Structures are given as structure tokens and as C-alpha cells.
Amino acid sequence: MELPDFMSYANKFSQKDFVEKISRIAKRAGAKLVYAALLLYYTLQSDKISTKDKAIIVGALGYMISPIDVIPDAIPIAGLTDDLAVLLYVLKKIWVDVDPEVKERAKERLSKWFDEDEIQEIDTLFE
């Protein structure tokens, strides 16, 4: 799958829209997508990340929020695969800069939406 130019989606990102979308799609999207999104979201708030990386994160989160996708979100199962691909692509690029506290914070948030079995999905985040 070829990734879209997700930087063109940077203007779609807002904190309010992110929180609304994650809350709305959490169960349907699965723990892996939600965890990746939360990692990027919390990393974006860090002062340890470069402006360039923040711009890439904003583009990826904007793509996730946008109703205009390569594969529309309304298509069951497949509809969120492009969102996950974009999030994982960006997450891999910045992984060394993701603070352990951010990982813990994201896992803590997951526990509000998913049970322990579902959370185990994140153990294979990049697989």
C-alpha cells in the first residue's frame, strides 16, 4: 500500500476532533490503532520532540481524523487500515524519541476502553 501525502492533512488536526474521533471509534478500531494514535498524540505534547517530527505527527493525526481517506472509514474492517498504516509509519520514524512515560500514559488510557485481552494486541504493534 502506498501512503498518501499525509502532510496535506495537517490542517485537519485539532485536539478536540482527535479526542472525539478516538472516543467514537475506539472499539471498532482496535487497541493497536488507538495505542498508536495515543502514542503520537502524547508525544506531540512533549518538548523533547523536534518541530519537524511534530509536523509529521500532526499530519498523521490529521489524516486519521479526516473523513477523506484512501480507504473510507465507513468500510468495515478495511476502512481503518490506511489510518493504522499512516500512524505506524510515523511512529516508526520517531520511535526512539517516544518517552517511556508516554507509553505508560497511552496504556493507561487504553485500559479505559479495552479489556486486558484486547490490550495484548499492542505487544505486536509493528507486526
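Note that the coordinates shown come from a computational prediction; the quantities given were computed from them, not determined experimentally.

Rules used throughout
Residues numbered from 1 in each chain as written. Predicted model: local features only at pLDDT ≥ 70, side-chain atom pairs only at ≥ 80, totals over all residues. Heavy atoms only, no water. Axes fitted to C-alpha atoms, helices over the stretch in contact; angles between N-to-C directions. Helix = DSSP H or I, 4+ residues; strand = E, 2+ residues; numbered from the N terminus. Parallel < 35°, antiparallel > 145°, perpendicular 65-115°, else oblique. Left-handed = near helix turned anticlockwise from the far one by under 90°. Contact = heavy atoms within 4.5 Å. Nonpolar A, V, L, I, M, F, W, Y, C, P; charged D, E, K, R; others polar. Phe/Tyr/Trp six-rings, centres within 6.5 Å; stacked < 30°, edge-to-face > 60°. Buried < 20%, exposed > 50% of the residue type's maximum accessible area, 1.4 Å probe, protein only.

Here we take up the packing of helix α2 (residues 31–44) against helix α3 (residues 51–65). Orientation of α2 relative to α3, taken along the N-to-C sense of each, is 140°, at an axis distance of 10 Å. In terms of axis orientation, α2 runs oblique to α3. The hand of the α2/α3 crossing is left-handed. Here Leu 33, Ala 37, Leu 40, Tyr 41, Thr 43 and Leu 44 of α2 come into contact with α3, specifically with Lys 54, Ile 57, Val 58, Leu 61 and Met 64. Broken down by class, the residue content of the contact of α2 with α3 amounts to 9 nonpolar, 1 polar and 1 charged.

Aromatic ring pairs: the centre-centre distance and the angle between the two ring planes describe each pair. Applying the stated criterion across every chain, the model contains 4 aromatic pairs. Ring plane angle 55° and centroid distance 5.5 Å describe the contact between Tyr 41 and Tyr 42, whose orientation is recorded as tilted. Ring plane angle 90° and centroid distance 5.1 Å describe the contact between Trp 95 and Phe 126, whose orientation is recorded as edge-to-face. Taken together, the positions of Trp 95 in the loop between α4 (81–94) and α5 (100–113) and Phe 126 in the segment after α6 (116–119) put the pair 31 residues apart, joining distant regions of the chain. When its relative accessible area of 30% is taken as the criterion, Phe 126 is described as partly exposed. Through successive ring pairs, a cluster of aromatic residues spans Phe 13, Phe 18, Tyr 41 and Tyr 42.

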